Amino acid sequence: MGNWITGITDPLFWKSIFNICYNQAWFICLTLVISLGVALLLKQVETGGRLFRTIYFTPQVCSVVVVMTLGVYMVGPSGPIQTFLLSAGVLETPVYWQFDERITMPMLAMINTWKWFGIQTVIFLAGLIGIEPALYEAAELDGASAWQRFWNITLPQLNPQIVFVLVTNVINGLQMFTEVFMNFDLYGGMKNQALTPVLYLYGKAFDRFNMGYASSLGLLLAGLIFLLTLVQLKLVQREID
Amino acid sequence: MTSNVRTSYIIKTKIQKNLSRWLTYLILTIGAIVVIYPFFYMVMNSFKPGPEIAHDPLSLPSTWIVRGYVTVWKTLNVVRLYGNTIIVAGSVTLLNLFFGSMAAYALAKLHFPGRDTLFKVMLGTMMIPNILFLIPTYMIIYRLGWVGHFRALIIPGAIGVYNIFMMKQFMQKIPDEIIDCARIDGCGDLGIYLRIILPLARPVLITVAILTFMGAWNNFFGALLYLQDNPDKWTLQLGLYHFRTGIPTENAEQIWAATTGISAPLILLYFILQKQFMKAFAEMNLK
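Below or above, wherever it landed, is the structure these notes cover. (Residues numbered from 1 in each chain as written. Chains lettered and ligands numbered in written order. Predicted model: local features only at pLDDT ≥ 70, side-chain atom pairs only at ≥ 80, totals over all residues.)

### Let's talk about the overall build of chain B
Helix and strand content of chain B: 15 helices and 0 strands. Reported as C-alpha extents along the three principal axes, the dimensions of chain B are approximately 80 × 70 × 35 Å. The burial tally for chain B puts 32% of its 287 residues in the buried class. Sequence-distant contacts, at least 24 apart, represent 76% of the contacts inside chain B between residues at least 6 apart. (Helix = DSSP H or I, 4+ residues; strand = E, 2+ residues; numbered from the N terminus. Buried ≥ 20, exposed ≤ 12 C-beta atoms within 10 Å, placed from the backbone. Contact = placed C-beta atoms within 7 Å.)

Have a look at this one:
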């Protein structure tokens, strides 16, 4: 019983919840926009679409350890992106993103977007191909602009795919561990900027051997995920009605 | 006059169409470069001397060296890491195919009381976040004395509800008539499963095999939990993780050599079997 109260009043636990929500907000927005955009482009392509899909899928096959090793160097202060931006004069000083609490999580979300956008693209593409062409033809006859067609036909028709992507993102994303474990200490860095709930739980269980407390944290997190999933499904259902 | 206007209109739309097509390809190509560049960078830097990576990360190697690969080969027990990973990922995949297909057959084609309830309960467990099972599973495996052994990863991973679900959905589409015919000809359940269901379910078995193998090959968290204290049992992911932290910048080429060596086989396999991989990913998500 004491574990519960400690858990609910533990500022570090809430900090980790905040961090992961911050991360997921970035990740979900980035992947949604990018993979929907790429899917729309791929739908128009007649030749070479398969080649592009194959390429976009490659990061999917690599493990999180490999992707994080790559990604962290790519966006790091001595990596190619910052070297390029520095020489081009866009950046004045190297950005040590792992120590800057405002951009740590967005950067991790960016690396994860690079890894995962391919699979969402394929999901959206399958959805786009399934939309009746007659709907677009009718709208065109009525003089709807491209933007109106996208907003009033494409998006509502893609609803099942979008819901699926959002729900799986939340369930998997809130349990992020390897990404932060590899690059930060068990407290997620000096300012706990990269502390995620599962990392915190892992530290409590396997570093401090406080299994009871870790179990309570696990239950709290699971409850939260469950609640968020329910809210998402409810919101979507209301939209359909 | 009108025909003139019309032709100019047609030409205009044609130009517009061409332009938008080139723009589409341009954006897609930029995307492809963004995806490929890190891999290119990884392979290039694995052939570069460490200090050069630090000073000039963008350049091609001025001298091509394989020192990184040689050192990785000497310091990391690469053969053992590969062997361990193949043992774990291979067993998990085979066990999933074996148990999963049998369970799916029973759920799809056999009639027994409580079948649908059982299936619903199984589906319900998929909604529970994995994190809830972390500590209890660890405690059980710890008490069994399995920590530090492959079975800590293999046995809990032997059955995947999602795999059963995918296989069941597929097997349901196999017509009952074929099964009835076989039964009239004196075929038992085992015979039907082995001679009819399994050959017909080949596509979904391949999908499950690919997804399971990839998941097990890339599983870092499980290896960290159970195999951490026993370096003889480390898998590739765990090996790379430990290797990565101990390398100073002047030997950075070793990191890239190790990363290349570890990710290359799966990427190659992906390019060879890309059709099957694509299908597997697409099916995984379309419930």
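The structure having been displayed, the exposition proceeds.
### Side note on the nonpolar core
Leu-217 of chain A together with Ala-104, Met-167, Met-171 and Ala-258 of chain B are the most contacted members of the largest nonpolar core, which totals 119 residues. Element by element, the count of residues in this core is highest for helix H6 (residues 104–129) of chain A, at 13 residues. Per-domain counts for this core show at least three residues from each of domain 1 (2–67) and domain 2 (77–245) of chain B. Setting aside anything within four residues of it in sequence, one finds Ala-104 of chain B in contact with Ile-164, Met-167, Lys-168 and Met-171 of chain B. (Core = buried A, V, L, I, M, F, W, Y, C linked by C-beta atoms within 7 Å. Domains from an automatic or database assignment.)

### Remarks on unusual backbone geometry
Not every positive phi belongs to a glycine, and Asn-192 of chain A is a case in point at roughly 55°. Of note, Asn-192 of chain A is situated in the loop between helix H10 (178–183) and helix H11 (197–207).

### A look at the interface of chain B and chain A
Each partner contributes to the interface: chain B provides 43 residues, whereas chain A provides 45 residues. Of all the secondary-structure elements, those providing two or more residues to the side of chain B that touches chain A are helix H1 (2–46), helix H6 (131–144), helix H13 (236–245), helix H14 (252–272) and helix H15 (274–285) of chain B. Of the residues that constitute the side of chain B that touches chain A, the class distribution is 33 nonpolar, 9 polar and 1 charged. (Nonpolar A, V, L, I, M, F, W, Y, C, P; charged D, E, K, R; others polar.)

### What about the environment of Leu-158 of chain A?
Mapped onto the elements of the fold, Leu-158 of chain A is located in the loop between helix H8 (146–157) and helix H9 (159–173). In this structure, Leu-158 of chain A is in contact with Phe-124, Gly-127 and Leu-128 of chain A, ignoring residues within four places of it in sequence.

### A short note on the packing of helix H8 (residues 161–172) of chain B against helix H11 (residues 202–217) of chain B
All names here are of chain B. Relative orientation of the contacting elements H8 and H11 amounts to 165°, with a least axis distance of 10 Å. When the axis of H8 is compared with that of H11, the two are roughly antiparallel. In this structure, H8 meets H11 at a crossing whose hand is right-handed. On H11, the residues that touch Asn-163, Met-166, Met-167 and Phe-170 of H8 are Val-204, Thr-207, Val-208 and Thr-212. Grouping the constituent residues of the contact of H8 with H11 by class yields 5 nonpolar, 3 polar and no charged. (Axes fitted to C-alpha atoms, helices over the stretch in contact; angles between N-to-C directions. Parallel < 35°, antiparallel > 145°, perpendicular 65-115°, else oblique. Left-handed = near helix turned anticlockwise from the far one by under 90°.)

### A word on H6 of chain A
All names here are of chain A. End to end, H6 covers 37 Å across 26 residues, agreeing with the expected 38 Å (1.5 Å per residue, within 8%). Where H6 bends most, the angle comes to about 45°, and this point is Trp-116. With 21 of 26 residues buried, H6 lies mostly within the body of the structure. (Expected span 1.5 Å × (residues − 1). Bend = angle between axes of the 7 residues up to and from the residue.)

Everything listed here is a matter of coordinates, which is why it stays silent on function.
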